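# Structural characterization, general
As a plain string of letters, each chain reads:
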Amino acid sequence: MFYHAADREKQPSARVSMTLFRVSQSVKKITQMESDAVGLSPVQVHALLFAGQTREDMATVGHFARAIGASHVTAVKIVNGLVVKGLLDKLQHPGDRRSTIIHLTAAGMQQMEALERWGESLERTIASLPPEVLNMLELGLGAVISALQREGYLTVAEPCRGCVNFRPNTGSDDKPHYCTALQNYLSHEASLKECPEHQSSID
């Protein structure tokens, strides 16, 4: 196991696992500190960022639960807490009565402005590394992310461009793009938002 020093001496995978564990602890500390500064918990911040950055038709409670690796019940409790604070609203999904869409209220949008620098401490620390190290890290961590996705431990949301299901400039002026997964036409603005169903065309 990676927390046994003897195992780390023998297994590169154990050493990398311990490194990632230590990084996760540091990231947790940084996000807690920055969340405290705006009067929210890290997972509440994540909920607001999810609502603000995810394509509206995909910003469901279910997708939020997947994004944070939590149960649907836990996600509902987090969202309801932010509804009480007046930062989020819940609406029935127009295309699926079983799903609930979450979106920012006016107060939630104002709160998002206070989150503009959330995560800056981590990014500043990483930016201090030499460019060649950053390049190697990006490649290596990209492979780790892909492995975690394949095992079902992680959901990665990205904008439409670069997705195997994205067909740009195939529709009308107001909705020029098409998603073959959802079989819907999208506005250009919607295509710039993150989608939890993104499937990279380079995987």
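The notes below deal with the structure included here. Just so you know, these numbers come straight off a predicted model, no measurement behind them. (Residues numbered from 1 in each chain as written. Predicted model: local features only at pLDDT ≥ 70, side-chain atom pairs only at ≥ 80, totals over all residues. Heavy atoms only, no water.)

This paragraph deals with the packing of aromatic side chains. Aromatic ring pairs are described here by two measures, namely the spacing of the ring centres and the angle between the planes. For the structure on display, the rule yields 2 aromatic pairs. Between phenylalanine 50 and phenylalanine 64, the aromatic rings sit 5.5 Å apart at their centres with planes inclined by 50°, giving tilted as the arrangement. Taken together, the residues phenylalanine 50 in helix α3 (residues 42-53) and phenylalanine 64 in helix α4 (residues 61-68) connect sequence positions 14 residues apart. Each member of the pair, phenylalanine 50 together with phenylalanine 64, is buried. (Phe/Tyr/Trp six-rings, centres within 6.5 Å; stacked < 30°, edge-to-face > 60°. Helix = DSSP H or I, 4+ residues; strand = E, 2+ residues; numbered from the N terminus. Buried < 20%, exposed > 50% of the residue type's maximum accessible area, 1.4 Å probe, protein only.)

In the Ramachandran plot, asparagine 169 falls in the positive-phi region, its phi being about 55° despite a non-glycine side chain. On the accessibility criterion, asparagine 169 (62% relative accessible area) is exposed.

So, on to the environment of glutamate 113. Here glutamate 113 shows up in helix α6 (residues 106-114). Taking the C-alpha atoms as reference points, glutamate 113 and leucine 148, separated by 35 residues in sequence, lie 31 Å from one another.

Ordered by their spatial adjacency, 3 strands build an open sheet running β3-β4-β5, and the pairing between neighbours is antiparallel. In this open sheet, the two edge strands, each paired with only one partner strand, are β3 (166-167) and β5 (184-186). Looking at chain direction, strand β4 (residues 177-179) and β5 are connected through 3 bridges and run antiparallel. Looking across to β5, one finds that histidine 177 is bridged to leucine 186. (Pairing = 2+ DSSP bridges.)

With that out of the way, let us pick up the environment of leucine 115. Its location among the elements puts leucine 115 in the loop between α6 and α7 (120-127). Leucine 115 sits 78 residues away from alanine 37 along the chain, and the two C-alpha atoms are 9.7 Å apart. Among residues more than four places away in sequence, those in contact with leucine 115 are Val38, Val45, Leu48 and Leu49. (Contact = heavy atoms within 4.5 Å.)

What follows is about the pattern of salt bridges. One pass over the structure, following the stated rule, counts 4 salt bridges. Across the pair arginine 124 and glutamate 120 runs a salt bridge, and its minimum N-O distance is 3.9 Å. Taken as a pair, arginine 124 and glutamate 120 lie in helix α7 at a separation of 4 residues, close to a single helical turn. On the basis of relative accessibility, which here comes to 52%, the residue arginine 124 falls in the exposed class. Under the relative-accessibility criterion, glutamate 120 is labelled partly exposed at 32%. It is possible to trace a salt-bridge network through shared partners that takes in Arg117, Glu120 and Arg124. (Salt bridge = Lys/Arg side-chain N within 4 Å of Asp/Glu carboxyl O.)

With that settled, consider the nonpolar core. Leu48, Phe64, Leu82, Leu88 and Ile102 are the most contacted members of the largest nonpolar core, which has 21 residues in total. Of all the secondary-structure elements, those providing two or more residues to this core are α3, α4, α5 (72-84) and β2 (96-104). With 6 residues, the single largest contributor to this core is α3. Of all hydrophobic cores here, the second largest spans 6 residues; its members include Cys160, Cys163, Cys179 and Leu186. (Core = buried A, V, L, I, M, F, W, Y, C linked by side-chain atoms within 4.5 Å.)

For the rest of this paragraph, the subject is a nonpolar patch on the surface. Together, Val16, Leu20, Leu137 and Leu141 make up an exposed nonpolar region whose accessible area comes to about 290 Å². Counting residues per element, the ones that place at least two in the nonpolar patch are α2 (12-36) and α8 (131-150). Mapped onto the fold, leucine 137 is located in helix α8. (Patch = residues over 30% accessible without salt bridge, like charges linked within 9 Å, V, L, I, M, F, W, Y side chains within 5 Å. Areas by Shrake-Rupley, 256 points an atom, 1.4 Å probe, with all protein chains shown as cover.)

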